[in-house]
Amino acid sequence: MVIETEKGFTPLEAITEAKRCLNCRVPLCRKGCPINNDIPGFIHQLSMGNMGEAMKVINQTSNLPAICGRVCPHERQCQGHCIRNKKGEPIQIGKLESFVADFDAQMSLTKEDIPQKTRGKVAVIGSGPAGLTVAADLSRKGFSVTIFEGQEELGGVLMYGIPEYRLPKAVVRTEIKKIEALGVRFVRNCLVGTNGVTVDSLFAEGYDAIFMGTGTALPKGMDDTPGANLRGVVQSIYFLHNVNAFNEGALNEEDIPLKRGEKVAVIGGGNVAMDAARTAIRLGADVTVLYRKTQAEMPAIEAEYNLAVKEGVKFAWKTTVSEFIGNDLNRLQALRMQTPDGERVEPFERVFLAIGSRPASRIVSTTTGIDVDEKGYVITNDYPMGMTTRRGVFAGGDVVHRPQTVVLAMKAAQEVSQGIEQYVDAIKLLQHVDKVEAERE
């Protein structure tokens, strides 16, 4: 069993923490939140023990609070802007948010009144943070929404890309059940762009609009570096996917590309690199993160870096790999590295790559009219917000804005859902006008 790194609040601890909030006239915490959560509002309700009312406040802006409360970079956003942060004692906003969401789910406190699905029919491709956000927002506004997911499990990166100790999969499933309760329908094991399911076929089924929330499914490699194809050089996302699948009982331990005691290098400095490093440490490896820049320039969440150091992960700054060195069996045995002190060769038995990802072209290549930039990211318009160069097809999240955090993907998706709403309402109005004119003739 995998235990969360940070223990959540008890009800008494949560209420006590909430009472520390100063309820500022100008809440800087809210300005620091990408989706503009009414943070003082829900904390005030929580401070009085009104759990259900606190949840109602959160539901106004967030569809995934139990997730955001755990994985958002709070020290850079809401919590980092808290006025109490000046004395190093910020309100623990993330822990309060996840406490309210968990408590609400356990007690089934809130029941939302959902309007009839009469405004239009929308298909959402992908069940990651962006897709779930668009689906929930539109469902609450009277749209019939179906999510098409290529995997058996829903959640995308939330399910397969974030370690269990940081985001328990039971939490993801609970949040998805709440979205399903809004009337959202799910079609699993349906990879749009294959087996005859395309953008064109979805329009033919009567969908008024389609949202692409497919993320960046293809990890970047180091193909230009000699030896990059050696056995033992593995993508971090593949490693994390297999560990999560093992924790769920879907894979055997031998399917995890790591053996206890191996000396491992993780190349990269983002959150995926931290996840891979901390996961490998938990599996008994000797782990060093190699990053081409300095600690100050590392994009990973500071708290994740600090925990990695505490858990025994080592770091080599301003270090790049110029060659993967293998043995006669085509197996990795060492790395040739360029460091501040010059070139050196150091033995490593495993490397996990965490140097970024890019979108797959599966959907774009099986239809016409969806333009992408030189790196494969989908091009969208500002009005209606998020619509691609193909009429009625929208996109948001990482597939448009490059890999980002969960909450930033949600922010983009919220804006696009408003664009979809405006577009579908407009075409429905035009259809009504055409029908009236035809009846007059």
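Our structure's up above, just so we're on the same page.
Quick caveat: nothing in here was measured; it's all calculated off a predicted structure.

### Side note on the overall build of the protein chain
Link 1 in the chain: A tally of regular secondary structure across the protein chain gives 16 helices and 17 strands.
Link 2 in the chain: With the principal axes as the frame, the protein chain shows a C-alpha extent of 80 × 55 × 40 Å.
Link 3 in the chain: When each of the 441 residues of the protein chain is scored for burial, the buried share is 51%.
Link 4 in the chain: In the protein chain, once contacts between residues fewer than 6 apart in sequence are set aside, the share between residues at least 24 apart is 67%.

### Brief notes about the sheet that holds strand β12 (residues 342–347)
Link 1 in the chain: Spatially, the 3 strands line up as an open sheet ordered β10-β11-β12, and their pairing is antiparallel. Each edge of the open sheet is held by one strand with a lone partner, namely β10 (320–326) and β12. Ignoring which end each strand starts from, the neighbouring axes of this sheet average 20° apart.

### A closer look at the pattern of salt bridges
Link 1 in the chain: If you walk through the whole model with that rule in mind, you get 26 salt bridges.
Link 2 in the chain: For the salt bridge of Glu 311 with Arg 278, the shortest nitrogen-to-oxygen distance reads 2.8 Å. Placement of Glu 311 in helix α14 (residues 302–311) and of Arg 278 in helix α13 (residues 271–282) is noted, with a sequence separation of 33 residues between them.
Link 3 in the chain: In this structure Glu 311 comes out as partly exposed when scored by relative accessible area, which is 26%.
Link 4 in the chain: Residue classification places Arg 278 among the buried residues on the basis of a relative accessible area of 1%.
Link 5 in the chain: For the salt bridge of Arg 336 with Glu 323, the shortest nitrogen-to-oxygen distance reads 2.9 Å. On the criterion of sequence distance, the pair formed by Arg 336 in strand β11 (residues 332–339) and Glu 323 in strand β10 is long-range, its members being 13 residues apart.
Link 6 in the chain: Given a relative accessible area of 25%, Arg 336 falls into the partly exposed group.
Link 7 in the chain: Residue Glu 323 is classed as partly exposed on the basis of its relative accessible area, which comes to 25%.
Link 8 in the chain: A network of salt bridges, in which partner residues are shared, links Arg 166, Asp 275, Arg 278, Arg 282, Glu 304 and Glu 311.

### Some remarks on α13
Link 1 in the chain: With 12 residues, α13 ought to run about 16 Å at 1.5 Å a step, and its terminal C-alpha atoms sit 16 Å apart, in line with that.
Link 2 in the chain: Taken across its 12 residues, α13 has 9 buried, putting it largely inside the fold.
Link 3 in the chain: Along α13, the positions that sit buried rather than exposed are Ala 273, Met 274, Asp 275, Ala 276, Ala 277, Arg 278, Thr 279, Ala 280 and Ile 281.
Link 4 in the chain: Tucked into the core, α13 has its buried residues touching α12 (236–247), β7 (263–267), β8 (286–290), α14, β9 (314–316) and β13 (350–353).
Link 5 in the chain: Directly beyond the C-terminal end of α13, a positive phi value near 90° is found at Gly 284.

### Digging into empty space enclosed by the protein
Link 1 in the chain: Throughout the structure, instances matching the rule amount to 2 cavities of 30 Å³ or more.
Link 2 in the chain: Roughly 130 Å³ of volume is contained in the largest cavity.
Link 3 in the chain: Around the largest cavity sit 16 residues that line it, and Cys 21, Cys 24, Cys 29, Cys 82 and Ile 83 are the ones nearest its centre.
Link 4 in the chain: Sorting the residues of the lining of the largest cavity by element identifies α2 (28–31) and α3 (39–47) as the ones contributing at least two each.
Link 5 in the chain: Each residue belonging to the lining of the largest cavity can be placed in one class, and the counts come to 13 nonpolar, 2 polar and 1 charged.
Link 6 in the chain: Computed from the structure, the second largest cavity encloses a volume of approximately 100 Å³.
Link 7 in the chain: Around the second largest cavity sit 14 residues that line it, and Cys 33, Asn 37, Cys 72, Cys 78 and Glu 97 are the ones nearest its centre.
Link 8 in the chain: At the level of elements, α3 and α7 (93–107) are the ones that each hand at least two residues to the lining of the second largest cavity.

About the thresholds
- Residues numbered from 1 in each chain as written.
- Predicted model: local features only at pLDDT ≥ 70, side-chain atom pairs only at ≥ 80, totals over all residues.
- Heavy atoms only, no water.
- Helix = DSSP H or I, 4+ residues; strand = E, 2+ residues; numbered from the N terminus.
- Buried < 20%, exposed > 50% of the residue type's maximum accessible area, 1.4 Å probe, protein only.
- Contact = heavy atoms within 4.5 Å.
- Pairing = 2+ DSSP bridges.
- Axes fitted to C-alpha atoms, helices over the stretch in contact; angles between N-to-C directions.
- Salt bridge = Lys/Arg side-chain N within 4 Å of Asp/Glu carboxyl O.
- Expected span 1.5 Å × (residues − 1).
- 1 Å grid on protein atoms, 1.4 Å probe; cavity = no way out; pocket = protein on both sides within 12 Å on 5 of 7 lines; lining within 4 Å.
- Points joined across faces, edges and corners; volume = space filled by probe spheres on them.
- Nonpolar A, V, L, I, M, F, W, Y, C, P; charged D, E, K, R; others polar.

These figures come from the coordinates and say nothing about function on their own.
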